[in-house]
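Each chain is listed here by its residues.
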Amino acid sequence: MADRVHPNTSPPSNDSKTTSSEKTAPMADRVHQKTTSSEKPVTKEAPSAPKEAPPLGAYVVQFPKEQVYRYPPPENAVRFANYTRRKNRRCRCCCCLCWFIGIIVALAVLLAIAAGVFYLVFRPEAPKYSVKRVSVKGMNLTSQSALSPEFDVSVNADNGNRKIGIYYNKDSTVELFYRDVNLCNGALPAFYQPSNNVTVFQTVLKGKSVMVAGSDRKALLNAVKKQSVPLTLKLRVPVKFKVGSVKTWTFNVKVHCVVTVDELTEKAEIVNRDCSYGLDVWKW
């Protein structure tokens, strides 16, 4: 028969209390040690500067420092826009100027090519002029009264162009001088001169009440005695050239001749002559 086990109803002894308290005491010490060992010294951080609040209607997006793109502040945005507009306007002006200069250069090149082709095809030459004859009336130098001279002048015009004709238009002027004194004036007749042609045309130059100073009258008398009277003839004639069936715009032919005659009569003979001539592109 098995032994029965009876429960112990007697209160615990002091030894048991001591042993239990001794068991709990080391555990409390371990807990205190863990608590003290886990604690770390706390350092106080310096208070940071207060951050500025973003403006109304704006929001802040944070990016890494390598991806930050700076944008001009609002007070510089207007300056930046004005600078951009000025730069764009300057660029447009430069482009327009370059185009304009390019067009001018292209036109100049085309005109040079056209002029070269025209010269090679037509071989233009300036017409040549010379004084053929001079007849004088009304030059009474012995009297102190005013002079009313009349000069009958023949001018030789030589058009050596083979493919170009010349139209001599109206409104021409012819003047004759002794020194700075205008003795008489007139005009040339209007006519057409064909290519490769020599034409002699006459003009009558008249002066009225021409006053000649005493010194000029005396010098003119001395020149007559020496049979060497220098006279200056100036011609200005508007002309048009006919190239094939095309007429050009109006040019100006200017002739300057120094003619020396032996006397101031109807039988005057030319002693010496020297003519120069030029061509102006535009009418005076």
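Note that the coordinates shown come from a computational prediction; the quantities given were computed from them, not determined experimentally.

(A) Seen up close, the pattern of salt bridges. Applying the stated criterion across every chain, the model contains 2 salt bridges. Of the charged contacts, one joins Asp216 and Arg179 as a salt bridge, the two residues approaching to 3.2 Å between their closest N and O atoms. Linking Asp216 in helix H3 (residues 214-225) with Arg179 in the loop between strand E4 (173-178) and strand E5 (181-186), this pair joins segments that are 37 residues apart in sequence.

(B) A look at the state of the cysteines. Summed over all chains, the structure comprises 1 disulfide. Cys257 shares a disulfide with Cys275; S-S distance 2.0 Å. Torsion about the S-S bond of the Cys257 and Cys275 cystine: about 115 degrees, corresponding to right-handed handedness. Of the two residues, Cys257 is situated in strand E10 (residues 251-261) and Cys275 in strand E11 (residues 270-280); the sequence distance between them amounts to 18 residues. A relative accessible area of 2% means that Cys257 is categorised as buried.

(C) Representation of the packing of aromatic side chains in the model. Per the stated rule, a full pass over the model turns up 7 aromatic pairs. Their ring planes at 15 degrees and their centres at 4.6 Å tell us that Tyr168 and Phe191 sit as a pair that is stacked. With Tyr168 in strand E3 (residues 164-168) and Phe191 in strand E6 (residues 191-193), this pair connects stretches of sequence that are 23 residues apart. The exposure class assigned to Tyr168 is buried, which follows from its relative accessible area of 2%. Among the aromatic residues, those joined into a cluster by ring pairs are Tyr168, Phe191 and Phe201. Over the aromatic face of Phe177 sits the side chain of Lys234, whose NZ or CZ is 5.1 Å from the ring centroid.

Criteria and cut-off values
Residues numbered from 1 in each chain as written. Predicted model: local features only at pLDDT ≥ 70, side-chain atom pairs only at ≥ 80, totals over all residues. Heavy atoms only, no water. Salt bridge = Lys/Arg side-chain N within 4 Å of Asp/Glu carboxyl O. Helix = DSSP H or I, 4+ residues; strand = E, 2+ residues; numbered from the N terminus. Disulfide = S-S within 2.5 Å. Buried < 20%, exposed > 50% of the residue type's maximum accessible area, 1.4 Å probe, protein only. Phe/Tyr/Trp six-rings, centres within 6.5 Å; stacked < 30°, edge-to-face > 60°. Lys NZ or Arg CZ within 6 Å of the ring centre and 35° of its normal.

These results come straight from atomic positions and should not be treated as a statement about function.
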